[in-house]
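The lines below spell out each chain.
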Amino acid sequence: MRITCVGGGPAGLYFAVLAKLADPRHRITVLERDPAGVTYGWGVVFWDDLLDDLFRHDPVSAARIVDAACGWDEYEVRATGKPVTHLGGYGFSLGRHRLLEILGERARQLGVEVRYEAELADPAALPPADLVVACDGAGSRIRDFRARHFGTRIETGRNKYIWLGTPHVFRTFTFGFERTEAGWIWFHAYPFTDRASTFIAECPPETWTGLGLDRLDPADGCARLREIFSAHLDGRPLDHAGRGWRNFRRITAERWDHGNVVLMGDAAHTTHFAIGSGTKLAMQDAMALADAIAGGIADGTALSAALERYEHRRRVALAPLQRAARASSAWFERMPEYADLPARRFSYALSNRRGEYPAWRYLLHMSTQGTAGRTMLRWTLSARRWHRARRRPAGRLSAALS
Ligand SMILES: Cc1cc2nc3c(=O)[nH]c(=O)nc-3n(C[C@H](O)[C@H](O)[C@H](O)COP(=O)(O)OP(=O)(O)OC[C@H]3O[C@@H](n4cnc5c(N)ncnc54)[C@H](O)[C@@H]3O)c2cc1C
């Protein structure tokens, strides 16, 4: 098959890798508008479930991802006027640049043609191919050009956010809430190398305008945020890398395919960063689409049946996470309502923002705030992480140690 992926993000590159592994005869081209090594954003988080999937589908790139990733082993919650509290949990993070470098290299090694600085300028003129995968991100031009057919809906979140990086290396995943004269503002931060962390600042629109952030250019805005969050940054700067404040856009589409064009990743659905899963879902879309076409596509009818299988499988898998993402982003939109809770109850409300926990989780949370309980919990979770890494076919040691 001739396959063109428009967009060389995690979805497009990973799909190209898997489709080529499934059938080396496929002629696959990835068109990416940015130059090689250039992308937006900083580090992204993920968990064991994605690693398990990656090892099942392509152990080679999975091992490289694990080796490049950084591990963290609890959440820290800081809020003005409250003692620091902790939440159990562990995860991994990796720079988006590095992830794309690994996937791009792997794709090229397998014989995929990855063309950088190759923007699809006119969505009405798609390249000739048996299958065109529209993996051109949340702002997908291909989707927007056929918006009536795809039934695209866009809901805009209330809060303002900005995706920043900093050379300050946070010890672990940290939420920091600051009370200012204009209201609450907070960050979600985590290390993604031993030299840098992701730092996402978020606040209600009133706080944003009240602090004058709406009137500052990105560089002055970063300087202002650095002052506001000075207690957390150890004097280190914040870097906006050319991106400004945004409102999250929740994008959904009623249909994901049209003729030989199919949507994948953020082009089909976006997932709020409050649950840190958009990259995972984009890569899992790639797995499902590669599986759906693996048996070969004889004609147009077989193609549309395969695309339907892909869409059905992914919609079922996405539904619970999308509910979780909505609940989670809604919690952050209501954050000031929780601000007067005592520290431990506040951090529990934050951890249970999807509202799904059974009562024992509250008891566990309360009993693991002291040093002994917290240490026990971290050991238990480390053992679980190690055990899970051991079951994977490759990269076991690095997964356990990261
Ligand atoms: C603040 C923030 C934090 C996040 N944190 C996390 C996290 O911790 N964990 C996580 O799993 N997810 C996270 N995400 C979500 C994640 O970034 C996305 O879900 C993921 O990047 C989607 O992958 P994709 O390949 O579908 O799209 P993208 O990564 O957006 O890739 C699309 C690609 O298409 C290219 N492109 C666009 N138009 C064209 C064109 N016309 N021609 C050629 N190329 C084109 C773009 O340059 C881009 O490289 C976060 C998102 C945000 C906003």
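Parameters and conventions
Residues numbered from 1 in each chain as written. Predicted model: local features only at pLDDT ≥ 70, side-chain atom pairs only at ≥ 80, totals over all residues. Heavy atoms only, no water. Helix = DSSP H or I, 4+ residues; strand = E, 2+ residues; numbered from the N terminus. Rg over C-alpha atoms; globule rule 2.2 N^0.38 Å. Buried < 20%, exposed > 50% of the residue type's maximum accessible area, 1.4 Å probe, protein only. Contact = heavy atoms within 4.5 Å. Near = heavy atom within 4 Å. Polar contact = N/O pair within 3.5 Å; in protein donor to acceptor, adjacent residues only side chain to side chain. Areas by Shrake-Rupley, 256 points an atom, 1.4 Å probe, with all protein chains shown as cover. Nonpolar A, V, L, I, M, F, W, Y, C, P; charged D, E, K, R; others polar. Pairing = 2+ DSSP bridges. Axes fitted to C-alpha atoms, helices over the stretch in contact; angles between N-to-C directions.

K.L.:
For this particular structure, what's the right way to read the overall build of the protein chain?
P.N.:
Within the protein chain, the secondary structure is distributed over 16 helices and 16 strands. The C-alpha atoms of the protein chain give 22 Å as radius of gyration, which agrees with the globular expectation for 402 residues (21 Å, within 12%). Seen through its C-alpha atoms, the protein chain measures out along the principal axes to roughly 65 × 50 × 35 Å. For the protein chain, the proportion of its 402 residues judged to be buried stands at 54%. Long-range contacts, defined here as pairs at least 24 residues apart, represent 73% of the contacts in the protein chain between residues at least 6 apart.

K.L.:
What is the right way to read the site of the ligand from this model?
P.N.:
Around the ligand, the surrounding shell holds 33 residues, and the nearest of these are E32, Y40, V45, R96 and D266. T279 is positioned with one of its backbone polar atoms (N or O) 2.8 Å from an oxygen atom of the ligand. Protein chains shield 96% of the accessible area of the ligand, which is 1,000 Å² for the free molecule. Of all elements in the fold, only α1 (10-22), β3 (43-46), β10 (152-166) and α10 (278-293) reach the threshold of two or more residues within the shell around the ligand. For the shell around the ligand, the element with the most residues is α10, which contributes four residues. Considered class by class, the residues forming the shell around the ligand number 16 nonpolar, nine polar and eight charged.

K.L.:
When you look at the sheet that holds strand β4 (residues 70-72) in this model, what are you seeing that I'm missing?
P.N.:
Remark on secondary structure: sheet strands pair via backbone hydrogen bonds, oriented parallel or antiparallel. Strands sit in the order β3-β7-β4 across an open sheet of three strands; the sheet is antiparallel. Every interior strand has two partners, whereas the edge strands, β3 and β4, have only one. In this sheet, neighbouring strand axes are inclined to one another by 30° on average, regardless of whether the strands run parallel or antiparallel. Bridge count for β4 against strand β7 (residues 91-95) is three bridges, and the pairing is antiparallel.

K.L.:
Looking at this structure, I do not really get unusual backbone geometry. What am I missing?
P.N.:
One non-glycine residue with positive phi stands out, namely D234, at about 55°. Position of D234 among the secondary structure elements: in the loop between α9 (230-233) and β14 (246-253).

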